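# Remarks on the overall topology
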Amino acid sequence: MVKAILEQVKKRNPGEPEFHQAVEEVLESIAPVLDKHPEYKKAGIVERLVEPERQILFRVPWVDDSGKVQVNRGMRFEFNSAIGPYKGGLRFHPTVYPGIIKFLGFEQVFKNSLTGLAMGGGKGGSDFDPKGKSDGEVMRFCQSFMTELCKYIGPDTDVPAGDIGVGGREIGFMFGTYKKIRNEFTGVLTGKGLDWGGSLVRTEATGYGLIYFLLQMLKDAGKNVKGATVVSSGSGNVSIYATQKCQQLGAKVIAMSDSNGYIVDNDGIDLKVVKQLKEVERKRIKDYLKARPNARYHEGCDGIWNVKCDIALPNATQNEIDKKAAETLVANGVWAVAEGANMPSTPEAVKIFLKNKVSFGPAKAANAGGVAVSGLEMAQNSQRMSWSFEKTDKLLDEMIMQHIYRQAKASAEEYGQPGNLVVGANIAGFEKVARAMLAQGIV
Ligand code: NDP
Ligand code: 2IT
């Protein structure tokens, strides 16, 4: 049955391999659940899950600094609203096309379900490249993008946030435009600035949550991050705060990257330098060497997985760890991999990690801390309240990440695959959404 559904997905969504890949992994995992629950089959739960509830594609015209008109494509895939309003980030990157946004939106449904909060799944973005653009150009693009997107979203309908290429600056420009057009100050976006409705810990949440999840995995494996050598790819939001938490816990992060290349600093990455370069100056990781001349820089981002480490944190983008990279990591003695990025390991790479008994934290579970604190931001906005850093951080760790780990572990055990958190996370995320869809009838 799942085979036929996958064939249909491929037929309906040709030329979108990332979406096919994400669907195939989930379908493989949940096949035994469907066998146990004929009512899910009868209600076409899976056939409905793989088809977004709504697909929005639109033109985004804007004027660059030289006065030339530029046209980008904007999109939002509202995947599933069975357990709450659509929720998920916006990605601005030249590689964005429907296949990328659909894979992300599909995964978001299960991830959001795992958080235990009332959030459905969606994702959006544009092929706009913020890199090298002036603040004025980014603002004009964001304003044009939101002029159309604002027709479809709202605090109880669809609540976007950041992803690659969308951080505090872009959320600010989009929020301003939404507020002006709709004449309402609501929690329609998350990841807002702390002075205007943002939540403490949201900036840190994905990276911190990743490490809280990792700690649970390591506890079961009889290991600890203290003293471990870590490689964290990327140098954006997720990588920076995963690195910060690792360092707080006494691990040594020795390598980070961007799309041009990677740095290795055997004395341990100086995060102040990376934050200044990436968060303030928007420069390349190569410039790290100006402040830390003893570090080394290598062209090309793929080589980062040749750096020997105990713990690998793929925190950049999809399919960044392929079969060869996974084999190299295992040969170099890696004992844990936790995915901060979405779908960063190819299916072949995942198999290699599982076969070699590497503690493996799949993205849907391990990186859910970001959207979870987005959910907490929505709760604070509804209450017109702001919670303290300590309270929010504790909720992220204890109420959310530890709970996600326990659910994924328990579901893997229940279905006879103990330790396989890929299967466990997919099943646990699916079951809640399936029950809600069943209860709500054929819609
Ligand atoms: P940022 O834009 O802050 O940083 C992205 C980083 O990854 C940059 O260093 C970027 O390098 C690098 N990168 C992006 N695309 C590529 C590529 N095609 N090849 C190589 N390197 C690349 O994004 P985030 O840190 O927010 O996101 C990173 C990952 O985490 C993504 O997969 C995202 O979906 C996922 N994620 C993010 C969450 C969040 O809350 N922000 C939540 C959960 C998951 P460069 O600057 O050169 O482009
Ligand atoms: O992939 C993700 O979970 C995110 N980019 C965060 C989404 C959100 O709504 O905070």
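A brief report on the enclosed structure follows.

Thresholds, definitions, all that
- Residues numbered from 1 in each chain as written.
- Chains lettered and ligands numbered in written order.
- Predicted model: local features only at pLDDT ≥ 70, side-chain atom pairs only at ≥ 80, totals over all residues.
- Heavy atoms only, no water.
- 1 Å grid on protein atoms, 1.4 Å probe; cavity = no way out; pocket = protein on both sides within 12 Å on 5 of 7 lines; lining within 4 Å.
- Points joined across faces, edges and corners; volume = space filled by probe spheres on them.
- Helix = DSSP H or I, 4+ residues; strand = E, 2+ residues; numbered from the N terminus.
- Nonpolar A, V, L, I, M, F, W, Y, C, P; charged D, E, K, R; others polar.
- Near = heavy atom within 4 Å.
- Polar contact = N/O pair within 3.5 Å; in protein donor to acceptor, adjacent residues only side chain to side chain.
- Areas by Shrake-Rupley, 256 points an atom, 1.4 Å probe, with all protein chains shown as cover.
- Expected span 1.5 Å × (residues − 1).
- Buried < 20%, exposed > 50% of the residue type's maximum accessible area, 1.4 Å probe, protein only.
- Contact = heavy atoms within 4.5 Å.
- Salt bridge = Lys/Arg side-chain N within 4 Å of Asp/Glu carboxyl O.

### Comments concerning empty space enclosed by the protein
Applying the stated rule across the entire model yields 1 cavity of 30 Å³ or more. Quantified by volume, the largest cavity comes out at close to 130 Å³. Along the wall of the largest cavity there are 14 residues; nearest its centre are Glu25, Glu107, Glu339, Met343 and Lys364. Of all the secondary-structure elements, those providing two or more residues to the lining of the largest cavity are α2 (17–36), α13 (347–355) and α14 (363–366). The residue inventory of the lining of the largest cavity, partitioned by class, reads 7 nonpolar, 3 polar and 4 charged.

### A short note on the site of ligand 1
Taken together, 26 residues surround ligand 1, and among them Asp163, Thr206, Ser259, Arg284 and Asn342 come closest. For ligand 1, an oxygen atom lies 2.9 Å from a polar atom in the backbone of Asn237. A distance of 2.4 Å separates an oxygen atom of ligand 1 from a polar atom in the side chain of Arg284. Considering ligand 1 on its own, with 890 Å² of exposed area, one finds that the protein chains cover 85% of that surface. Put simply, the parts of the chain that give the shell around ligand 1 at least two residues each are α8 (202–221) and α9 (237–248).

### Regarding the site of ligand 2
In the vicinity of ligand 2 lie 14 residues, with Lys87, Lys111, Asp163, Arg202 and Ser374 positioned nearest. Here Gly162 contributes a backbone N or O atom positioned 3.1 Å from a nitrogen atom of ligand 2. Contacts to ligand 2 include Asn342, whose side-chain N or O atom sits 3.0 Å from an oxygen atom. Within the complex, the protein chains bury 94% of what would otherwise be the 290 Å² of accessible surface of ligand 2. Those elements that provide at least two residues to the shell around ligand 2 are β3 (86–92), α5 (98–114) and α15 (369–383).

### Some thoughts on helix α7 (residues 168–182)
The end-to-end C-alpha separation of α7 is 21 Å, in line with the 21 Å expected for 15 residues at 1.5 Å each. Those residues of α7 lying buried are Arg169, Glu170, Ile171, Met174, Phe175, Thr177 and Tyr178. Next to the buried residues of α7 lie β3, α6 (135–149) and β5 (158–161). Remark: Asn183 follows α7 within two positions and exhibits a positive phi of approximately 55 degrees.

### Describing the pattern of salt bridges
Between side chains of opposite charge, a pair can form as their charged atoms come close. Taken as a whole and assessed by the stated rule, the structure comprises 24 salt bridges. A salt bridge links Glu170 to Arg169; its shortest N-O distance comes to 3.0 Å. For the pair Glu170 and Arg169, one class covers both residues: buried. The partner of Lys409 in a salt bridge is Asp220, with the nearest N and O atoms 2.9 Å apart. With Lys409 in helix α16 (residues 389–414) and Asp220 in helix α8, this residue pair connects regions lying 189 residues apart in the sequence. Under the relative-accessibility criterion, Asp220 is labelled partly exposed at 45%. Connected through salt bridges with shared partners, the residues Glu25, Glu107 and Lys364 form a single ionic network.

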